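What the coordinates show
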Amino acid sequence: MFEHIHPGKNWIFADIGCALGGMVEVLRRRGYEAYGIDLSRWCLRNSPVKQYLHFGSVTNLPCADQSIDVTTCIDTFQYLTQKEVKQATKELRRVTRKYLCFECITQEDEKYSDPKENPDAQRKNRSLFTRDEFIELFKQSGFRLKKRHFLPRQDRKSTRLNSSHQIISYAV
């Protein structure tokens, strides 16, 4: 993230779908004001940085308009329906003042979007859009693409790297 975004020391960060708050912890160690939002009450109770975490959903964020300088949202959208994804992109735009760093499994990421390969009971398998569809959704919500690159993920059954797991930085 810091390769593409050079935040000021007074910038506020929010990690949406933060789980136990690992990103929040790292950002706070670097001296930034950072918070996390997650639906898992278990994660919120058991986090080492629970005092900075809040209960909430990406479709209805407990944040004021334009209150977050950098919003991160990693591996959250695959738990949403297509309708929820559309609402979530609008909600992320509502709270984000400067940048959004977004990462999600796409339809091109075959091994991770196949429910037989990834039988996560919580993943609804209905929200998976293509790379270009995600980019268009965020564009329609008022973001503009700043940087797009892909995370290498190793196929569990071979040494081949699957490079279709995308991470995207958007600017407001």
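Above this text you will find the structure in question.
So, a few notes on the structure that sits alongside this text.

**Looking at the overall build of the chain**
Assigned secondary structure in the chain consists of five helices and seven strands. Beginning at the N terminus, the succession of helices and strands in the chain can be written as β-α-β-α-β-β-α-β-α-α-β-β. Evaluated residue by residue, the chain yields a buried proportion of 47% over its 172 residues. Sequence separation of 24 or more characterises 63% of the internal contacts of the chain that already satisfy a separation of 6 or more. In the structure as shown, the chain presents an accessible area of about 9100 Å², 49% of it carried by carbon and sulfur atoms.

**Details of the state of the cysteines**
A complete count under the given rule lists zero disulfides for this structure. Residue Cys43 stays outside any disulfide, its sulfur separated by 7.4 Å from that of Cys18, the closest cysteine. What makes Cys43 buried here is its relative accessible area of 13%. Cys104 takes part in no disulfide bond, and the closest cysteine sulfur to it belongs to Cys73, at a distance of 7.8 Å.

**Quick look at the nonpolar core**
One finds Phe77 and Leu92 to be the most contacted residues of the largest nonpolar core, which totals 23 residues. Counting residues per element, the ones that place at least two in this core are strand E1 (12–16), strand E4 (68–74), helix H3 (82–95), strand E5 (96–104) and helix H5 (131–140). When residues of this core are assigned to their parent elements, the largest contribution, four residues, is made by H3. If near-sequence neighbours (up to four positions away) are discounted, Leu92 is found in contact with Ile16, Val58, Leu61, Thr71, Cys73, Phe77, Leu100, Phe138 and Phe143. Trp11, Leu27, Ala34 and Leu44 belong to the second largest nonpolar core, which has 14 residues in total.

**Side note on the environment of Phe134**
Assignment of secondary structure puts Phe134 in helix H5. In this structure the C-alpha to C-alpha distance between Phe134 and Cys104, which are 30 residues apart in sequence, comes to 9.2 Å.

So, how was this worked out
Residues numbered from 1 in each chain as written. Predicted model: local features only at pLDDT ≥ 70, side-chain atom pairs only at ≥ 80, totals over all residues. Heavy atoms only, no water. Helix = DSSP H or I, 4+ residues; strand = E, 2+ residues; numbered from the N terminus. Buried < 20%, exposed > 50% of the residue type's maximum accessible area, 1.4 Å probe, protein only. Contact = heavy atoms within 4.5 Å. Areas by Shrake-Rupley, 256 points an atom, 1.4 Å probe, with all protein chains shown as cover. Disulfide = S-S within 2.5 Å. Core = buried A, V, L, I, M, F, W, Y, C linked by side-chain atoms within 4.5 Å.

Don't take any of this as a statement about function, it's just geometry.
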